[in-house]
Every structure is written in C-alpha cells, then in structure tokens.
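Residue-level listing of the chains:
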Amino acid sequence: MSTLSSAVTATFDVEKIREDFPVLKQTVHGKPLVYLDSAATAQKPTAVVDAIRRFHEVDCANIHRGVHELSQRSTAAYEETRAKVRRFLHANSSDELIFVRGTTEGINLVTSTWGRKNVQAGDEIVISAMEHHSNIVPWQMLCEERGATLRVIPMNERGELLLEEYEKLLTPRTRMVAVAHVSNALGTINPVRQMIEMAHKAGALTLIDGAQATPHMKVDVQALDADFYAFSGHKVFGPTGIGILYGKRKLLEGMPPYQGGGDMIKVVTFEKTTYNDLPYKFEAGTPNIAGGIGLGAALDYVNKLGLDHIAAWEHSLLEYGTERLSAIPGLRLIGTAREKAGVLSFVMDGIHPHDIGTVLDNLGVAVRTGHHCAQPVMDFFHVPATTRASLAFYNTPAEIDALAAGILKVKEIFA
Ligand code: 7TS
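Residues numbered from 1 in each chain as written. Predicted model: local features only at pLDDT ≥ 70, side-chain atom pairs only at ≥ 80, totals over all residues. Heavy atoms only, no water.

Draft legend 1. Representation of the pattern of salt bridges. All told, the structure shown has 25 salt bridges when counted by the stated rule. One salt bridge in this structure joins aspartate 300 and lysine 84, with 2.8 Å as the shortest N-O distance. With a gap of 216 residues between them, aspartate 300 in helix H11 (residues 289-305) and lysine 84 in helix H4 (residues 69-89) connect regions that are remote in the sequence. What makes lysine 84 buried here is its relative accessible area of 16%. Between arginine 116 and glutamate 145 there is a salt bridge whose closest N-O contact spans 2.8 Å. Here arginine 116, found in helix H5 (residues 103-118), pairs with glutamate 145, found in helix H6 (residues 137-146); they are 29 residues apart in sequence, far enough to count as distant. Each member of the salt-bridge network shares a partner with another, and the members are Arg54, Asp59, Glu69 and Arg73. (Salt bridge = Lys/Arg side-chain N within 4 Å of Asp/Glu carboxyl O. Helix = DSSP H or I, 4+ residues; strand = E, 2+ residues; numbered from the N terminus. Buried < 20%, exposed > 50% of the residue type's maximum accessible area, 1.4 Å probe, protein only.)

Shown next as structure tokens:
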C-alpha cells in the first residue's frame, strides 16, 4: 500500500479541513460515513451554512429594490458574490456573469436565447461523446426546432476525445462547440483551451460546461478564451439552486432576454418594454438570494484552501485510488484518461453496480451507481451503468482504503 507523497501532505491538513464539515462526522448504518459522491453534490463547510443562516436571521430582504437598510445589505451581499465569481473565473467584468439555477439552466439560457437567434437550418452544433445530458438535450432541442444538425466528437477507449476527428467536424457550418471541461462519468479533463482555439479558427463559438472542473482546478475564462462557461454552486461547496453563466459581453449584449419579469426591465408600458443592462437583462424575478450569498462564502472557502493545493491533494488521492482499485481482480476502471480529475468509475465482472452500491452503503460508503446522466458514455463502453466514487479535497487515503475493503466485501458476498 502506498501513501501520499509527503510534499502534498505537508501542505494540506485534511483532518483540520474536515472539522469544517460537520456532516462528515456521522455514522451511517453504524459505520463512519465515507462520502465519495461529491460529483453529484459536494458537502458544504460551516462557513456556507453560517452565511445562509445569517442572511435569513439578520439581513433578509429582497434585492435591487429597497431603499431600506436590510434591502441594501442583502443587495450588497448578493452582488458581492458576483464580484467574487469574477475573480474566481477571472472574467473581465461582473456584467458578464449571470446568476442561474445551475449549469443546466446556464446551458438552456444559451440555447434558448443565443441559439434561437443565431442557429438556422443547415447549421451545425458540435458536442462531445462524453457530455452530461444537460449539455446534450438542450442542443438537441435547439437543433430540432431550427433544423440544425448535432455532431459528436468521438473518444477512445481511455475516454479521451479524438482531436483529429474534432478537427474534421469543424466546418463553416459549425456555429457552436459545447463541451465539458471535465467529464462527470469518466473524470477526463478535456484540452478545452486547444479546442476553443480550433473552434474559433473555424469561426464557431464555444460553451464550456464547467460543472466538474470548478471544484478541482483553477479556471481562467479569459486565458481559455471561452465564449460561455457555466458552473453549479452546489458542486463547489455552495448551496443548490444557484449557479453561474459567464458570457463575453459582446455576445450577451446581442442576445434577447431569457425570461420576462421584474428586474430585467428598464421601462414597461403596454406598448413597449425596454430591457435592463447586463447582467440584469437575464435575471427576471426574485433570485435565489440566500443561494447567491452562500455561493460567495463557498468561493471564499475554496480560495482560502487554494485551488492549487486542492488539485495536488486530489491528484494524489486519485493516483492512490487508481492503484488500489486496479489491483482488485475482476474490477475494470471506466475512464483511464491521462488527464483526469476526481472520478473513479468502475464495473465488476458479474456484479450489478446497484448491488455494489447497496453493499457499500451498508458499510457507510456513499457512491453513485447508474448512468450518471451520461447514457451515451455507458453505451460506448457497453455497460448499463457504473459505480462511481468521486472525490473532493476533504477525502482521505483511509477513505480510499474503506472503499477498496468494501469492494472486496462485495466480491465475497457475490462470489
Ligand atoms: N454538467 C456536468 C458535467 C455535470 O456533472 C452535471 C451534474 C451537470 C452538467 C448538471 O449540473 P446541475 O447542477 O445543473 O444539475 N452532474 C451530476 C452527477 O455527476 N451526478 O449528479 C449530478
């Protein structure tokens, strides 16, 4: 059994960090909880819970409308998050950041506004073979409505996209390339910077699904030159129901509004309505104020740990987990890309993933089993489902050991 490199453990006091996550200190079915499902949703540190509680206990008011003290405070706290997200993604301006419900809504906002305005019959949209359903279905719906065609970048058996094939898919008909930064089912880190450059050369725009990247690595939308970038608050240790769509100002300005209602307007008469400036043009109605404030606290927390330190710790955990799981006879890892983050997906000879998940749950080990909202990935690997252990910075080598021991137990039961 190997241990994590001392250079990594020296800079990362995981036991101290775990103190910030009371939820991790519980037993499940009489066993200490081993939470390995952070790709589905990450746990929230006390700082996030406290920020949401403080909003409700002290500052609760609607935003952008009250002159009274509480409304001023809640507006300031909510807008402060936008400024924090600007720094987190290194966006040029806070005006380029739209609050949405999550990655799914961010992508749907782009397909229903930019897409409806710009995609015509005969146009093509390029996605990849490893997309989450939320980066497939909205594009399919758009293509169906507009008479456009969806093209798919294939991948190899390791779960890496074939860039030569991607190159061939880019034509003057390509309007948009929409790909995941990191795959939720495989953990593959895609070379999005290079892919964006290739798309731009072909005259296409790009949308990057950052749901699984933002919890694990530094993202710089300007260095990537991404046209759109979406992520979910709940996967970066913030609350559910809040997320961000980044878009380049020029593109957002040219797009029609998403939903109509309060806050997204300047002047309304029955004859004509003029829309608000960015980013409010896309934010109709009372938003998830508490969620926005919680997201700000989550980003503060992640920044305090440092994404470089987080990435180094998780990389060591992933290497250790890969080594432990690969040593188990009859276990096949699904997703063995050279560049990976946070995910150990696997199948076992003759044992259904749901049975694996149930036995592991009885041992206190929480993993996800199923198709992970990426059914085409399962089809590609000819499996109905996988068992997926997904990591966050609060996980430990001992938890990987508990997972490996649990899998051996599964083998014993189903032998
Ligand atoms: N894109 C990717 C790559 C994802 O992993 C997910 C959620 C989404 C988009 C959608 O995010 P949402 O916050 O809008 O729902 N992925 C998962 C998962 O892997 N298990 O549960 C949800």
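That shown, we press on.
Draft legend 2. Focus on the packing of aromatic side chains. Inspection of the entire model under this criterion finds 11 aromatic pairs. Considering the side-chain rings of phenylalanine 88 and phenylalanine 231, the 5.8 Å spacing of their centres and the 50° angle between planes classify their relative orientation as tilted. Highlighted residues: phenylalanine 88 in helix H4 and phenylalanine 231 in strand S9 (residues 228-232), separated in sequence by 143 residues. Centroid distance phenylalanine 237 to tyrosine 394: 6.0 Å. Interplanar angle 85°. Geometry classified as edge-to-face. (Phe/Tyr/Trp six-rings, centres within 6.5 Å; stacked < 30°, edge-to-face > 60°.)

Draft legend 3. The arrangement of the sheet that holds strand S7 (residues 174-180) in detail. The strand order across the open sheet formed by seven strands is S4-S10-S9-S8-S7-S5-S6, and the pairing between neighbours is mixed. Of all the strands in the sheet, the pair left with one neighbour each is strand S4 (97-100) and strand S6 (149-153). Averaged over neighbouring strand pairs, the angle between their axes works out to 20° when direction is ignored. Sheet topology note: the S4/strand S10 (residues 243-247) ladder contains four bridges and is antiparallel. If you follow isoleucine 98 over to S10, its bridge partner there is leucine 245. Across the sheet, H4 lies against S4, S9 and S10, angled at about 120° from S4, the strand it touches most. (Pairing = 2+ DSSP bridges. Axes fitted to C-alpha atoms, helices over the stretch in contact; angles between N-to-C directions. Contact = heavy atoms within 4.5 Å.)

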